[in-house]
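Analysis of the macromolecular model
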Amino acid sequence: MKNPDAVVKLVLRKSHLKSFPVEVLRFKNLQYLDISKNKIEELPDSIALLNQLQYLACSKTGLKIIPKTIGKLTHLKYLNLNQNDIETLPPQIGNLENLEMLDLWSNDFSEYPSTLKNLKSLKVLDLRNILISDETQLYIINLLPKATVQMSPSCKCKW
């Protein structure tokens, strides 16, 4: 904490955190943050202050809500939100123009914003282990024709 501007990588994986540590927001040059395997149900809107972030891993945290301000992290290349309880993606996710990998494996999504089509740099979208109808699978694939979209077999469900 003596020189917060010098911190570019921070791994807090399995640190028994019960909420997002706001002290992290002091690291204005942070490029890599891993808060996986903690008990963090939501990210603060102020996550946008970490505008140099390129890698953000929040897997297995119990995350339920992704703030709209996630769209301000325009340097993000890798976003891992797998194995959480997230039900919706904010439309602002489409602002992540440099995003190459979006890992949403094993969440509870029922809708996918049309703004996903703006992810022009996206190489891989992982949606495995999510029940997705044939129609919705086709919709997602059409939104991202240049990306590899990984999905489990269709649920054959009629919602």
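The sections below set out a description of the structure shown in this document. (Residues numbered from 1 in each chain as written. Predicted model: local features only at pLDDT ≥ 70, side-chain atom pairs only at ≥ 80, totals over all residues. Heavy atoms only, no water.)

Some words on the sheet that holds strand β3 (residues 55–57)
Two pairing modes exist for strands in a sheet, parallel and antiparallel, and in both the strands are linked by backbone hydrogen bonds. For clarity, the threshold we go by: Here, a strand pair is defined by DSSP locating no fewer than two bridges between the strands. Going along the chain from the N terminus, every DSSP run of H or I of four or more residues is numbered as a helix, and every run of E of two or more is numbered as a strand. Only the stretch in contact is used when a helix axis is fitted, and all axes are lines through C-alpha atoms; the angle between N-to-C directions ranges over 0 to 180 degrees. Any two residues whose heavy atoms approach within 4.5 Å are treated as being in contact.
What the seven strands build is an open sheet, ordered β1-β2-β3-β4-β5-β6-β7; its pairing is parallel. Strands at the two margins of the open sheet, each flanked by one partner only, are β1 (9–11) and β7 (148–151). Neighbouring strand axes in the sheet, compared pairwise and without regard to direction, differ in orientation by 5° on average. Packing against the sheet, helix α1 (residues 134–143) makes contact with β6 (124–127) and β7, and its axis sits at approximately 160° to β7.

Notes on the pairing of β6
Selection rule: By convention, a crossover is right-handed whenever its connection, traced from the first strand over the helix to the second and viewed with the strands pointing away, goes clockwise.
Here strand β5 (residues 101–103) pairs with β6 via three bridges, running parallel. Its bridge partner being in β6, L102 is matched across the sheet by L125. As paired strands, β6 and β7 are joined by four bridges and run parallel to one another. Paired with V124 across the bridge in β7 is T148. Read as a crossover between parallel neighbours, the route from β6 over α1 to β7 is right-handed.

Section: unusual backbone geometry
Basically, it comes down to this: Note on exposure labels: buried denotes an accessible area under 20% of the residue type's maximum, exposed denotes more than 50%, and partly exposed covers the range between, all computed with a 1.4 Å probe on protein chains only.
Positive phi, close to 55°, is recorded for K14, a residue that is not glycine. With respect to the helices, strands and loops of the structure, K14 is situated in the loop between β1 and β2 (32–34). Overall, the relative accessible area of 54% leaves K14 in the exposed class. Despite not being glycine, K60 shows a phi value in the positive range, around 50°.

Describing the environment of K37
Note on placement: K37 falls in the loop between β2 and β3. Once the C-alpha coordinates of K37 and A57 are considered, the two residues, 20 residues apart in sequence, prove to be 9.6 Å apart. Setting aside its immediate chain neighbours within four residues, K37 contacts R13, K14, S15, S59, K60 and T61.

Considering the packing of aromatic side chains
Heads up, the condition is: The rule is short: rings of Phe, Tyr and Trp, with Trp giving its six-membered ring, pair when the centres are within 6.5 Å, and they are stacked under 30 degrees, edge-to-face over 60, tilted in between.
Following the criterion strictly, the structure yields three aromatic pairs and no others. Seen in terms of ring centroids, Y32 and Y55 are 4.0 Å apart; in terms of plane orientation they differ by 5°. Their pairing is stacked. Separated by 23 residues along the polypeptide, Y32 in strand β2 and Y55 in strand β3 bring together distant segments of the chain. The exposure class assigned to Y55 is partly exposed, which follows from its relative accessible area of 21%. Linked through ring pairs, Y32, Y55 and Y78 together constitute an aromatic cluster.

A closer look at α1
Formally: Each direction from the helix axis to a C-beta atom contributes to the arc, which is the arc of those directions.
By the burial criterion, the buried members of α1 are Q137, I140 and L143. Considered in projection along α1, the buried side chains sweep an arc of 125° and stay on one side of the axis. Set apart from the buried face of α1 by more than 90 degrees, the exposed residues are E135, L138 and N142. Looking at the buried residues of α1, the elements they touch are β6 and β7.

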